Amino acid sequence: MAKNLKRFKVAGIGEILFDNLPGGRRLGGAPANFAIHCSLMGAESSVVSSVGEDQAGKDILSELETKGIDTSCISVNSRPTGSVDVKLCPEGQPEYIINENSAWDYITISPEALKLAANCDAVCFGSLAQRNETSRKSILYFLESAGDQCIKVFDVNIRQQYYSREIIENSLMISDILKLNDEELEIFRVMLGIEGLNDRQTLGHILNHYNLKLIALTLGAEGSIMADREEYSHASAKAAKVRDTVGAGDCFTAAMVYSFLCGVSIEETNEFASKAASFVCTKDGATPSLPAEILDEIKNRQINTLQN
Ligand SMILES: Nc1ncnc2c1ncn2[C@@H]1O[C@H](COP(=O)(O)OP(=O)(O)O)[C@@H](O)[C@H]1O
Ligand SMILES: O=C(O)C[C@@H](O)[C@H](O)C(=O)COP(=O)(O)O
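Residues numbered from 1 in each chain as written. Chains lettered and ligands numbered in written order. Predicted model: local features only at pLDDT ≥ 70, side-chain atom pairs only at ≥ 80, totals over all residues. Heavy atoms only, no water.

As named in an unreviewed UniProt entry, the protein is 5-dehydro-2-deoxygluconokinase, taken from Sedimentisphaera cyanobacteriorum. Taken verbatim from the UniProt record of the protein, the Sequence similarities (unreviewed entry) comment is "Belongs to the carbohydrate kinase PfkB family." (UniProt positions renumbered as here; feature names shortened; annotations may be inferred.)

Written as structure tokens, this is what we have:
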């Protein structure tokens, strides 16, 4: 039975930037995508990040504010705002070419950000595999300020080249929920030394070994697998016509967190997340508005987000 969500307050921490897609520039970066998708599902959402003083930074802040996202914990510095060139393959899958050494690497965590962390129901972070110490320590500092009641969501970001076994393990040890895709699962298998296990065994191992509450593996057009200690579910993905799959994973994570907080079954959580993510693939960019069908499903669960 679904819970009537009285509070749904979330934050995403990590790099925010513009995705330079063939059709034009779109707001992107996993924390922004997560925050926006949660907000579309009724959350009070914040982004904790850093942008430059340049026009791109101003545009990102103004676009987030227009979408109702709290930007008070986004610091501004003199480095350039991040950007990523996105090449799309014929099936709509992206290849990201990241512009490194951006404002994100010089993030500062304000006292307001620490207060925000302590007050969130869920926080989503990419990983501790950041380009430099400042951003890595900032994520850790922010997560340490989030209370035990706050669900820590590790949404692995494949573009980071900085993984090590230690970083993966440290990230898993502070997480409640893990979302990865098939490429990331492979990296985890190798780094955690569990190459011999199949997908189900790998997910079970990670779930139990790191004491996670929930784990999800997304498989693009093949759908998604989700498991907790009691249940295991496979959901299929159905997209009428794929435009691009940018942001599908972030939407999946947002929908999974929303459903998890509602306390619905793993099967229902997986179906809902897959349906929302598949929809994103039918539109350009990472954060299109959600269709009535999905919003109705949210309304039917009697979400009642309070602003405080
Ligand atoms: N080609 C596709 N057709 C339909 N749904 C898709 C497609 N690609 C992705 N999805 C949906 O989006 C989810 C996340 O996509 P995936 O590409 O696996 O994640 P990530 O973006 O994190 O790599 C999938 O589990 C599925 O529900
Ligand atoms: O930061 C990146 O490398 C990519 C982002 O700009 C992009 O918006 C993104 O995070 C999309 O993630 P997905 O949901 O895994 O497609």
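After presenting the structure, the write-up continues.
S.K.: Looking at this model, I keep getting lost on the state of the cysteines. Mind explaining?
M.R.: The term disulfide refers to a covalent linkage connecting the sulfur atoms of a pair of cysteines. What the rule picks out here adds up to zero disulfides. There is no disulfide at Cys73, and the cysteine sulfur nearest it, in Cys120, is 8.8 Å away. Cys73 gets classed as buried once you look at its relative accessible area, which sits at 6%. In this structure Cys124 is a free cysteine whose sulfur lies 7.8 Å from that of Cys38, the closest cysteine sulfur available. Using a relative accessible area of 6% as the deciding quantity, one classes Cys124 as buried. (Disulfide = S-S within 2.5 Å. Buried < 20%, exposed > 50% of the residue type's maximum accessible area, 1.4 Å probe, protein only.)

S.K.: What should I look at first to understand the pairing of strand 4 (residues 44–52) in this one?
M.R.: Two faces belong to every sheet, and in a regular strand the side chains alternate between them. Counting buried residues in strand 4 gives eight out of nine residues, a clear majority hidden from the surface. Sheet topology note: the strand 1 (residues 9–13)/strand 4 ladder contains five bridges and is parallel. In the sheet register, Gly12 faces strand 4, and the bridge partner there is Val47. For strand 4 and strand 5 (residues 74–77), the ladder comprises four bridges, and the chain directions are parallel. (Helix = DSSP H or I, 4+ residues; strand = E, 2+ residues; numbered from the N terminus. Pairing = 2+ DSSP bridges.)

S.K.: Which parts of the structure should I look at to understand the sheet that holds strand 11 (residues 214–218)?
M.R.: By definition, the strands of a sheet pair up through backbone hydrogen bonds, in either a parallel or an antiparallel sense. Strand order in the open sheet made by the nine strands is 5-4-1-8-9-10-11-12-13, with mixed pairing throughout. Two strands close off the open sheet at either side, each with one partner strand: strand 5 and strand 13 (232–235). The mean inter-strand angle of the sheet, taken between neighbouring strand axes irrespective of direction, is 15°. Along the sheet, helix 1 (residues 30–40) makes contact with strand 1, strand 4 and strand 8 (122–125), crossing strand 4 at roughly 155°. With respect to the sheet, helix 6 (residues 182–192) is in contact with strand 9 (151–155), strand 10 (177–181) and strand 11, its orientation differing from that of strand 10 by roughly 110°. (Axes fitted to C-alpha atoms, helices over the stretch in contact; angles between N-to-C directions. Contact = heavy atoms within 4.5 Å.)

S.K.: Mind showing me how you'd approach the site of ligand 1 here?
M.R.: For ligand 1, the set of nearby residues contains 18 residues, the closest of which are Lys179, Asn181, Thr218, Gly220 and Gly223. Between ligand 1 and Lys179, the relevant distance is 2.8 Å, taken from an oxygen atom to a side-chain nitrogen or oxygen of the residue. Within the contact set of ligand 1, an oxygen atom lies 3.0 Å away from a backbone nitrogen or oxygen of Gly223. Surface burial for ligand 1 is 84%, taken as the share of its 550 Å² of free accessible area covered by protein chains. Mapped onto the shell around ligand 1, the elements with two or more residues apiece are strand 10, helix 8 (248–262) and helix 9 (266–281). Residue contributions to the shell around ligand 1 peak at four residues, all from helix 9. (Near = heavy atom within 4 Å. Polar contact = N/O pair within 3.5 Å; in protein donor to acceptor, adjacent residues only side chain to side chain. Areas by Shrake-Rupley, 256 points an atom, 1.4 Å probe, with all protein chains shown as cover.)

S.K.: Looking at this structure, I do not really get the nonpolar core. What am I missing?
M.R.: Nonpolar side chains tend toward joint burial in soluble globular proteins. Of all hydrophobic cores here, the largest spans 43 residues; its most connected members are Ile13, Val48, Phe142, Leu172, Leu178, Phe188 and Ile206. In this structure, Leu178 is in contact with Phe154, Val156, Leu172, Phe188, Ile206, Leu212, Leu214, Ile215 and Ala216, ignoring residues within four places of it in sequence. Within the second largest apolar cluster, 37 residues are counted, among which are Leu5, Phe8, Ile177 and Ile294. (Core = buried A, V, L, I, M, F, W, Y, C linked by side-chain atoms within 4.5 Å.)

S.K.: Could you clarify how one ought to interpret the side chain of Ser259 in this entry?
M.R.: Mapped onto the fold, Ser259 is located in helix 8. Owing to a relative accessible area of 0%, Ser259 belongs among the buried residues under this scheme.

S.K.: Honestly, the packing of helix 6 against helix 7 (residues 199–209) in this entry has me stumped. Any pointers?
M.R.: In a pair of packed helices, the angle between the axes and the distance between the axes together describe the arrangement. Their axes nearest at 11 Å, the elements helix 6 and helix 7 cross at an angle of 65°. Once helix 6 is placed against helix 7, the crossing between them reads as left-handed. Residues Leu185, Phe188, Arg189 and Leu192 of helix 6 pack against Asp199, Thr202, Leu203 and Ile206 of helix 7. Of the residues assigned to the contact of helix 6 with helix 7, the class counts are five nonpolar, one polar and two charged. (Left-handed = near helix turned anticlockwise from the far one by under 90°. Nonpolar A, V, L, I, M, F, W, Y, C, P; charged D, E, K, R; others polar.)

S.K.: Can you help me understand the pairing of strand 2 (residues 17–21) in this one?
M.R.: Among the five residues that make up strand 2, four are buried, leaving the element largely enclosed by the rest of the structure. In this sheet, strand 3 (residues 24–28) lies alongside strand 2 in antiparallel orientation, the contact comprising five bridges. Its bridge partner lying in strand 3, Leu21 is registered against Gly24. If you look at the hairpin formed by strand 2 and strand 3, you'll find two residues sitting between the two strands. Here strand 2 runs beside strand 6 (residues 82–88); their pairing, made up of four bridges, is parallel. Within strand 6, the residue paired with Asn20 across the bridge is Asp85.

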